[in-house]
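Structure at a glance
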Number of protein chains: 6
Amino acid sequence: MAYTEDISSVIAQASQELSQINIARPEAVSRPGLKEQIVRFLTLIRSAMYPKIFGSDLNDPKRMKMTISSNLQQAAVLLNEMIEDVLRGEGDADGLTAQFIGSIVDITNVLETDIKAAYDGDPAARSEEEIMLAYPAFEAISIFRLAHKLYELRVPLLPRMMTEYAHKITGIDIHPGATIGEYFFIDHGTGVVIGETCTIGRHVKLYQGVTLGAKSFETDENGNPVKGIKRHPDIGNHVVIYAGATILGGNTRIGDNCVIGGNVWLTHSVGEGETVYYNKGDTN
Amino acid sequence: MAYTEDISSVIAQASQELSQINIARPEAVSRPGLKEQIVRFLTLIRSAMYPKIFGSDLNDPKRMKMTISSNLQQAAVLLNEMIEDVLRGEGDADGLTAQFIGSIVDITNVLETDIKAAYDGDPAARSEEEIMLAYPAFEAISIFRLAHKLYELRVPLLPRMMTEYAHKITGIDIHPGATIGEYFFIDHGTGVVIGETCTIGRHVKLYQGVTLGAKSFETDENGNPVKGIKRHPDIGNHVVIYAGATILGGNTRIGDNCVIGGNVWLTHSVGEGETVYYNKGDTN
Amino acid sequence: MAYTEDISSVIAQASQELSQINIARPEAVSRPGLKEQIVRFLTLIRSAMYPKIFGSDLNDPKRMKMTISSNLQQAAVLLNEMIEDVLRGEGDADGLTAQFIGSIVDITNVLETDIKAAYDGDPAARSEEEIMLAYPAFEAISIFRLAHKLYELRVPLLPRMMTEYAHKITGIDIHPGATIGEYFFIDHGTGVVIGETCTIGRHVKLYQGVTLGAKSFETDENGNPVKGIKRHPDIGNHVVIYAGATILGGNTRIGDNCVIGGNVWLTHSVGEGETVYYNKGDTN
Amino acid sequence: MAYTEDISSVIAQASQELSQINIARPEAVSRPGLKEQIVRFLTLIRSAMYPKIFGSDLNDPKRMKMTISSNLQQAAVLLNEMIEDVLRGEGDADGLTAQFIGSIVDITNVLETDIKAAYDGDPAARSEEEIMLAYPAFEAISIFRLAHKLYELRVPLLPRMMTEYAHKITGIDIHPGATIGEYFFIDHGTGVVIGETCTIGRHVKLYQGVTLGAKSFETDENGNPVKGIKRHPDIGNHVVIYAGATILGGNTRIGDNCVIGGNVWLTHSVGEGETVYYNKGDTN
Amino acid sequence: MAYTEDISSVIAQASQELSQINIARPEAVSRPGLKEQIVRFLTLIRSAMYPKIFGSDLNDPKRMKMTISSNLQQAAVLLNEMIEDVLRGEGDADGLTAQFIGSIVDITNVLETDIKAAYDGDPAARSEEEIMLAYPAFEAISIFRLAHKLYELRVPLLPRMMTEYAHKITGIDIHPGATIGEYFFIDHGTGVVIGETCTIGRHVKLYQGVTLGAKSFETDENGNPVKGIKRHPDIGNHVVIYAGATILGGNTRIGDNCVIGGNVWLTHSVGEGETVYYNKGDTN
Amino acid sequence: MAYTEDISSVIAQASQELSQINIARPEAVSRPGLKEQIVRFLTLIRSAMYPKIFGSDLNDPKRMKMTISSNLQQAAVLLNEMIEDVLRGEGDADGLTAQFIGSIVDITNVLETDIKAAYDGDPAARSEEEIMLAYPAFEAISIFRLAHKLYELRVPLLPRMMTEYAHKITGIDIHPGATIGEYFFIDHGTGVVIGETCTIGRHVKLYQGVTLGAKSFETDENGNPVKGIKRHPDIGNHVVIYAGATILGGNTRIGDNCVIGGNVWLTHSVGEGETVYYNKGDTN
């Protein structure tokens, strides 16, 4: 059998079957291009928030304001369009867009505290400029704080896609539902996971590989995880959690001023000011 | 010494020496552009499999079929070209291409079970749409299953480059040689490593940071790892392995219905239905 | 209140406040576009070093030399421009550029040993070609060695931005200040962190998730990490460190020929030739 | 008045008025992106017709056929989409697409005669390759013949947009409604205009600046040109028309084997085999 | 002499001499990138004026207004930047920008009359949509009217670069200094030239190849054309000028309601209502 | 008959026939991508010649020289590759490349005289900067002078493709074989045609629509134009030729200091210092 005849008939049959599979998919499947729109929106909104880093070098205050305003407007148009899309006609896209844009200054102010926390918390940090240019934590946390606002406004799909984009480029996976206080810092960050119902206080520092997750074995009678309940821990203020530590469960609470050592595995609460460390690993 | 004279002579000398180094490289070094072709191929083939996600929003069944067929054909042309390249004239590129395209529907059907597993296994998943749009596990597993087919067909280099691309964008590193059953899910995923000779059953769920790797110390008389032997564990059906667990060794088998706790480190087999947990980490 | 009036006034007010926040930022904030220049520089310089992998398939020695020379020259122009930028007029950008280009052949020669180490150290590696095309370790280590040279030349900001780019695409986070010997290999690599003051000998192999970090609790009287001191461990020659191991502290030294097992957590030195393993994790 | 206040209010007012103007436009205004689709379609269809010129260098007959088929399929998908768009639901887009694709071989065969005419008719032509790569006539005539087929199929808007694209890149303006025989050649071509109801025989050669247009003064009682009638001349077989000649009117017929000199202005018919030349321009 | 030595020394010497030539150029040479900025500005401003043609298909009035406003703002930022550039600090870039934006609605209203003139004046025009999508006259005249406003505001360089861009894509060369009334249409258009000091009334129609130029021989004592005086003709209202006609000289005036035939060459004035035609070109 | 069956079989059959047509084409058909390489080469080489216009704004002499050298080197590599391609292994690509690069400074010096001629010859020209940024004549003549050098070196195909690119973007069609002296200027330029065997002296100025072409009726016994002989006119020094003039024939010579009026049609020689004008076109 000649090649092109063979491959042509294979393609024809596969096309037929793939069509049937895809026609049968539920109609709710979302618009293609959404991923690209998410990335473009995040660039625009952060260019408005940090024009010197994401946009152009603007020494002239007048031109800076024009540029910020232009970027905000483009971001608003794009967000409005995406929200209408994911709401599929049910909900007030205009009002949600306005509320989101209205919260940008507050989000920027909170991010200023995160930049300060990075500078204070990392001996290797040379300047705030370096943090904004080269720290994955700044990428991940700035995207999280924007996504969290949309999550609060109950916009579907978009918040999760935003934090998943941050996950992809930083290895830091923060669910947009998490509640995180000011002065938050994550050093290195690869492998960090912060779950949907987690709450984190002010002045908290995490290292790479920290998991704030759901407790094992919380399954229903069918062996599936239970949905819609508090599943992730609460972390107090001024807490440091070192690399690879795993803290699990909706009833687990780490008190203020605690220090959790590297690779520690915790499924119970820890009182205020305590230090938990991992002291095994002897030489044989 | 003036700058441009200096830098010019430095460049001239470095060019001379780099040329000699590169001329001496073995001729087998592959074509540049291959990485970009891999990415384009994966986009085309997945646009044929998931036209609503990767391609365009196709409500018209006729146009959907035309688009799927067009994308499959482009993917086949590209794959045929890449296989000819890496085979360097030795082997049946046409037959291999036809066999690969002929397996696409089966691969798609298996991926349907993986999407279902993600939806059932993650309390935070809102819809199958969200899984296809925002879950790194879907990216990693869909690319793995395609690469695995090429690995089975003994196509060199391409399978590994495909899964390494998935590793790069998801942090999930699955060797294309691994054998993985239906209904497979990885939550969060950053840091997961699954080795070449690993076998995984049906309905298995992994969390971030899980390693299914080669046992330490399996070295030959020269201190190098031994090649070409069974080096990675076997995982049964309906197994859950929590974040950071490490399971090592070609003789290690985890039986059906086991649960392996977070951060557990295992180098021996575990019988059916058992639960292994990590219970250290006390407060001092 | 009509939508567009609402959103327009929200945008106007947010623009006003964001302008004030950004005008108040210190003038030292760096040029936008620097990230893109970094990526372009790394492509050019590595195209000069590995023309068959990053550039074009050059069988003609004469054309290869022309291409290498052309790429080196472009890289030099771009590097010169970036250094002038970050030095802000204070320093000898020309001399630094010449010194960097003058070291390229040495760096290439060291990277040859790293490629050999990967081939020898991974049973799954089929060819050196596969290592250069598909191994994240090659991406991360080649970028690190280039960045380290700039770090030695005391060029600010750029070295860190380079290794952070490598971190982003590989999940391997090596500070440009680290000192690393020949024949270095990292398998899989996601989650690896190597600190600024770390030293690593020859023939060292790391697995995914290894941290060579600062010891916990090294803080000053204000609770902040102490800056500018030796904070990270020293690793001898011919050492293997398995997945997830954590080695911390500036006084911690791992002797030659040691093997550190997976998930081990070490804050004290280990003598020559010893093996440290993790032996917990029993079945309940 | 401060700048940004001023410009902001100017923008606000202009936006308001431009919105009203555009909302009032008739709904028939076509989709944006159509121009880009036209260009992409012309590239795809001509890559199928001339794979060595527009596509890739295909020495392998099998791969050539795969590539042609793939490009044709993509072209068909795109054309189908554009036709549905411009038909706005009224008409048989599927049938029209099939008829168009079904005529591609005939169109290619006619273009072969045009390439031969260029080679025979231009002393400066070195090869057929040069004609396909560097002659604006080949661009303009190949696009015209494709557009003319769509015009015959009564597809609205697209044929005119295609020939206008050819006009833009070659300066040759052929209305898609014109009827043009085999072995057609235009030398240099800038400024050539061929009207909608023009007919041209076989073996005709035109030079730059030739107009085959509507006769002056053919206006209705309101002074406007009369629509929908024969307005442009008929040109016989084996006719040569030199640079800058102008031939006007629906009743004007140039017989077989005529030669029309440069800058000649003709509004009446010319019998078979005649030569019309312009003999003015004396030295004073 | 080996190739690379030869070519290297040739490049070195040529670089040296080209540097000296370019260092000696007057400092006034403008910023690179200006051409690209011009094109981007024209796209933005026309997207604000014709959102359905140049931008996106906006059926929602609210979103249309947001989009228009966003495009206008971006256009204003870009124009402001370009004006500051070409003014080199001398002049009121802010005020000029505001005046330009403030005139956009008036320009749009005049262009509405031009679209109407095209529809009424071309028997082949099927819809206003076709004119905006496929008529070079619409491209050329819309760009001219924008450039003319900047010319009136005495902005240097930019107006000429804009009309030269239009010339490049349409073959229609209108100097931005020309004064042109409402209801202006150019059919086909390739080769049309309209000089700087030309004035054109209302309801004028030109065909391809028409020149409204400077009279021959208007040179000073050195044989160079005289600068800064009225050099081009005045055209009245309701005038039609057919293909290839040439009308020259600053004292030449064509009265209202005239018709100028194809290829006519005129250097004297023509009274109201007259018809000038070219009646040569006989058969020999 | 269902649509997709229909269109699929149509595509299959058309692919089959198009494959046969293209397999039958002579092997000499050139590489795809050549057009894009031509454009890239012209950008590089002109960036070396005019770094402030085509490249970046270089105030630092050292960086300017580095940039010029880098662009020249890239241009040389690309030219070398293209020449090898079109020579198909027969000829000295290296020597030709070196000779071309070695002539760049001379070409630049001649172009300086062309820029001066434009400034002196156009009352509307405001600065040399405007000429380089906005005059199609500068585009067309600079590309012609580069292509002419390659024509002199007997490089096939490339010279013609370069001038055809210039034709496309300016409407000015100069054959690369023409011989043109210093201080050459073309005003407006659309429709200008200059033939292969034309010679033009110093200080010549042309206007739009001028043809310096082959005489009509120079055909062989088969009615085809005769190849390889002197076919186009010679133009002396200090000649001005106004818009639309047509001068034809290999024996036609225009003496020094002549002025040829607009629309004049000349097929005989004109003595030194004469003025030829067109004086017809009376009012009826």
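Residues numbered from 1 in each chain as written. Chains lettered and ligands numbered in written order. Predicted model: local features only at pLDDT ≥ 70, side-chain atom pairs only at ≥ 80, totals over all residues. Heavy atoms only, no water.

1. So, the overall build of chain A
Counted only if it meets this: Helix and strand definitions here come from DSSP, where helices need a minimum of 4 consecutive H or I residues and strands a minimum of 2 consecutive E residues; each element is numbered from the N-terminal end. Buried residues are those whose accessible area, probed at 1.4 Å on protein chains only, stays under 20% of the maximum for their type, while exposed residues exceed 50% and partly exposed ones sit between those limits. Here, residues are in contact when the closest pair of their heavy atoms is within 4.5 Å.
Regarding its fold elements, chain A presents nine helices and 14 strands. Considering chain A as a whole, with its 284 residues, one finds that 65% of them fall into the buried category. Partitioning the contacts of chain A with sequence separation of at least 6, the portion at a separation of at least 24 is 46%.

2. A few points about the side chain of B:D173
Here is the rule we go by: Charged residues are defined narrowly, with Lys and Arg counted positive, Asp and Glu counted negative, and His plus the chain ends left uncounted. Every case where a carboxyl oxygen of Asp or Glu lies within 4 Å of a side-chain nitrogen of Lys or Arg is listed as a salt bridge. Any pair of nitrogen or oxygen atoms within 3.5 Å is treated as a polar contact; in protein, a donor-acceptor pairing is required on top of that, and neighbouring residues in sequence qualify only through side-chain atoms on both sides.
Relative to the elements of secondary structure, B:D173 occurs in strand 1 (residues 173–174). In this structure, B:D173 is buried with no salt-bridge partner, the nearest side chain bearing the opposite charge being B:R160 at 5.5 Å. A polar atom in the side chain of B:D173 sits 2.7 Å from the side chain of C:H188. In this structure B:D173 touches B:E164, B:H167, B:V192, B:V193, B:I194 and C:H188, once residues within four positions along its chain are discounted.

3. A word on the sheet that holds strand 5 (residues 199–200) of chain D
Sheets are built from strands paired through backbone hydrogen bonds, the pairs being either parallel or antiparallel. Residues and elements named next belong to chain D. What counts is decided by this rule: Should DSSP find at least two bridges between two strands, the strands are taken to pair.
Read from one edge to the other, the open sheet built from four strands follows the order 2-5-8-11, with strand pairing classed as parallel. Where the open sheet ends on each side, the last strands, each with one partner, are strand 2 (179–180) and strand 11 (253–254). Relative to strand 5, strand 2 runs parallel, the two being bridged by two bridges. Bridging across to strand 5, T179 finds its partner in T199.

4. Let's talk about the relation of the copies chain B and chain C
This is how the line gets drawn: When the copies are overlaid, the least-squares fit takes in C-alpha atoms only where the residue has pLDDT of at least 70 in both copies.
Once chain B is rotated about the relating axis by 120° and shifted along it by 0.0 Å, it coincides with chain C to within an RMSD of 0.1 Å. Here the symmetry operator amounts to a three-fold rotation axis. Closest approach to the rotation axis within chain B is made by the C-alpha atom of B:G191, at a distance of 3.7 Å. An asymmetric contact is evident, with only 7% of the interface residues of chain B recurring at the interface of chain C.

5. Considerations on the pattern of salt bridges
In this structure the tally under the stated criterion is 72 salt bridges over all chains. In this structure, A:K149 and A:E152 form a salt bridge, with 3.8 Å as the shortest nitrogen-oxygen distance. With A:K149 and A:E152 both in helix 8 (residues 136–152) and three residues apart, the pair spans about one turn of that helix. The partner of B:E196 in a salt bridge is C:R126, with the nearest N and O atoms 2.9 Å apart.

6. Quick look at the interface of chain B and chain C
Worth spelling out the cut-off: Here the nonpolar group is Ala, Val, Leu, Ile, Met, Phe, Trp, Tyr, Cys and Pro; Asp, Glu, Lys and Arg are the charged ones; every other residue, Gly included, is treated as polar.
Contact with chain B, which involves 57 residues of that partner, is made by 61 residues of chain C. Across the chain B-chain C interface, the total number found is four salt bridges. Listing elements by their share of the side of chain B that touches chain C, those giving two or more residues are helix 1 (3–23), helix 2 (34–49), helix 9 (158–170), strand 13 (265–266) and strand 14 (275–276) of chain B. Residue contributions to the side of chain B that touches chain C peak at 14 residues, all from helix 1 of chain B. A per-class count over the side of chain B that touches chain C returns 25 nonpolar, 18 polar and 14 charged.

7. Notes on the relation of the copies chain E and chain A
When chain E is fitted onto chain A, the two copies agree to an RMSD of 0.0 Å after a turn of 180° and an axial shift of 0.1 Å. Read as a symmetry element, the transformation amounts to a two-fold axis. Residues of chain E ranked by C-alpha distance from the rotation axis are headed by E:S70, positioned 3.2 Å from it.

8. Quick notes on the interface of chain E and chain A
For the record, the criterion: Buried area adds together the accessible area that both of two parts lose upon being put together, with accessible area traced by a 1.4 Å probe.
Between chain E and chain A, the contact holds 15 residues from the first and 15 residues from the second. Between chain E and chain A lies a buried interface of about 1,300 Å² when both sides are counted; carbon and sulfur atoms form 45% of it. The three residues of chain E that bury the most area against chain A are E:R63, E:Q73 and E:V77, which together make up 39% of that side's buried surface. The interface formed by chain E and chain A holds zero salt bridges in total. Scanning the region where chain E abuts chain A turns up three residue pairs in polar contact (both at pLDDT 80 or more). If one sorts the elements of the side of chain E that touches chain A by residue count, helix 4 (residues 61–87) of chain E sits on top with 13 residues.

9. Thoughts on the packing of aromatic side chains
Residues and elements named next belong to chain E. Counted only if it meets this: The rule is short: rings of Phe, Tyr and Trp, with Trp giving its six-membered ring, pair when the centres are within 6.5 Å, and they are stacked under 30 degrees, edge-to-face over 60, tilted in between.
In the structure shown here, the tally under the stated rule is 24 aromatic pairs over all chains. When the ring of F41 is compared with that of F100, the centres are 5.9 Å apart and the planes differ by 50°; the resulting orientation is tilted. Taken as a pair, F41 in helix 2 (residues 34–49) and F100 in helix 5 (residues 93–102) lie far apart in primary sequence, 59 residues in all. Both residues of the pair, F41 and F100, count as buried.

10. Digging into the environment of A:Q208
Counting through the fold element by element, A:Q208 comes out in the loop between strand 6 (205–206) and strand 7 (211–213). Assessed through its relative accessible area of 5%, A:Q208 is described here as buried. Sequence separation between A:Q208 and A:G195 is 13 residues; the distance between their C-alpha atoms is 15 Å. The contacts of A:Q208, once residues within four sequence positions are left out, are A:D187, A:H188, A:G189, A:T190, A:V192, A:A243, A:G244, C:V193 and C:T211.

11. Remarks on the sheet that holds strand 11 (residues 253–254) of chain F
Residue and element names in this part refer to chain F. Reading across from one edge, 2-5-8-11 is the order of the four strands in this open sheet, with parallel pairing throughout. Two strands lie at the open edges of the sheet, namely strand 2 (179–180) and strand 11, each paired on one side alone. With two bridges connecting them, strand 8 (residues 234–235) and strand 11 associate as parallel partners. Among the inter-strand pairings, D234 is bridged to a residue of strand 11, identified as R253.

12. Focus on unusual backbone geometry
Despite not being glycine, B:N263 shows a phi value in the positive range, around 65°. Here B:N263 is to be found in the loop between strand 12 (259–260) and strand 13.

13. Focus: the state of the cysteines
Keep this limit in mind: To count as a disulfide, a pair of cysteine sulfur atoms needs to be within 2.5 Å.
Using the criterion set out here, one finds zero disulfides over all chains in the structure. In this structure A:C258 is not part of a disulfide, and its nearest cysteine sulfur, from A:C198, lies 14 Å away.

14. Section: the packing of helix 4 (residues 61–87) of chain C against helix 4 (residues 61–87) of chain F
Quick note on the threshold: An axis is simply a line fitted to the C-alpha atoms; with a helix, the fit covers only the stretch in contact. Between two such axes, the angle follows the N-to-C directions and lies from 0 to 180 degrees. Angles below 35 degrees are treated as roughly parallel, those above 145 as roughly antiparallel, those between 65 and 115 as roughly perpendicular, and all remaining angles as oblique. The crossing is said to be left-handed when, going from far helix to near helix, the turn is anticlockwise and less than a right angle, and right-handed when the turn is clockwise.
Packing of helix 4 of chain C against helix 4 of chain F leaves a shortest axis separation of 9 Å and a crossing angle of 155°. As summarised for this structure, helix 4 of chain C and helix 4 of chain F are arranged roughly antiparallel, according to the angle between their axes. For the crossing formed where helix 4 of chain C meets helix 4 of chain F, the hand is left-handed. Here the contact of helix 4 of chain C with helix 4 of chain F is built from residues that sort into six nonpolar, 12 polar and eight charged.

15. Details of helix 2 (residues 34–49) of chain A
The following threshold applies: Helices are assigned an expected span. That span is 1.5 Å times one less than the residue count.
Counted at 1.5 Å a residue, the expected span for helix 2 of chain A with its 16 residues is 22 Å, and the 22 Å between its end C-alpha atoms agrees. Within the span of helix 2 of chain A, buried status applies to A:L34, A:Q37, A:I38, A:F41, A:L42, A:L44, A:I45, A:R46, A:S47, A:A48 and A:M49.

16. Regarding helix 8 (residues 136–152) of chain E
Residue and element names in this part refer to chain E. In this model helix 8 runs 24 Å from its N-terminal to its C-terminal C-alpha over 17 residues, within 8% of the 24 Å that 1.5 Å per residue would give. Counting buried positions over the 17 residues of helix 8 gives 14, a clear majority of the element. R154 sits one or two residues past helix 8 and shows a positive phi near 60°.

17. Notes on the confidence of the model for chain A
Put simply, the rule reads: Each residue carries a pLDDT value, the predictor's own confidence for that position, ranging from 0 to 100.
Summing up the model confidence of chain A, the mean pLDDT is 87 and the portion of residues at 70 or higher is 88%. For this predicted complex, the interface confidence score (ipTM) comes to 0.88, while the overall pTM stands at 0.90.

18. Points about the side chain of C:K205
Its place among the elements puts C:K205 in strand 6 (residues 205–207). Summary of buried charges: C:K205 has no salt-bridge partner, and the nearest side chain of opposite charge, C:D187, is 6.4 Å away.

19. A word on the packing of helix 2 (residues 34–49) of chain D against helix 4 (residues 61–87) of chain D
Residues and elements named next belong to chain D. Two elements in contact, helix 2 and helix 4, have axes separated by 8 Å at closest approach and are oriented at 150°. On the basis of the axis angle, helix 2 is roughly antiparallel to helix 4. When the axes of helix 2 and helix 4 are compared, the crossing they make is left-handed. Every residue of helix 4 that contacts helix 2 at L34, Q37, I38, R40, F41, L44, I45, S47 and A48 is listed here: I68, N71, L72, Q74, A75, L78, L79, E81, M82 and V86.

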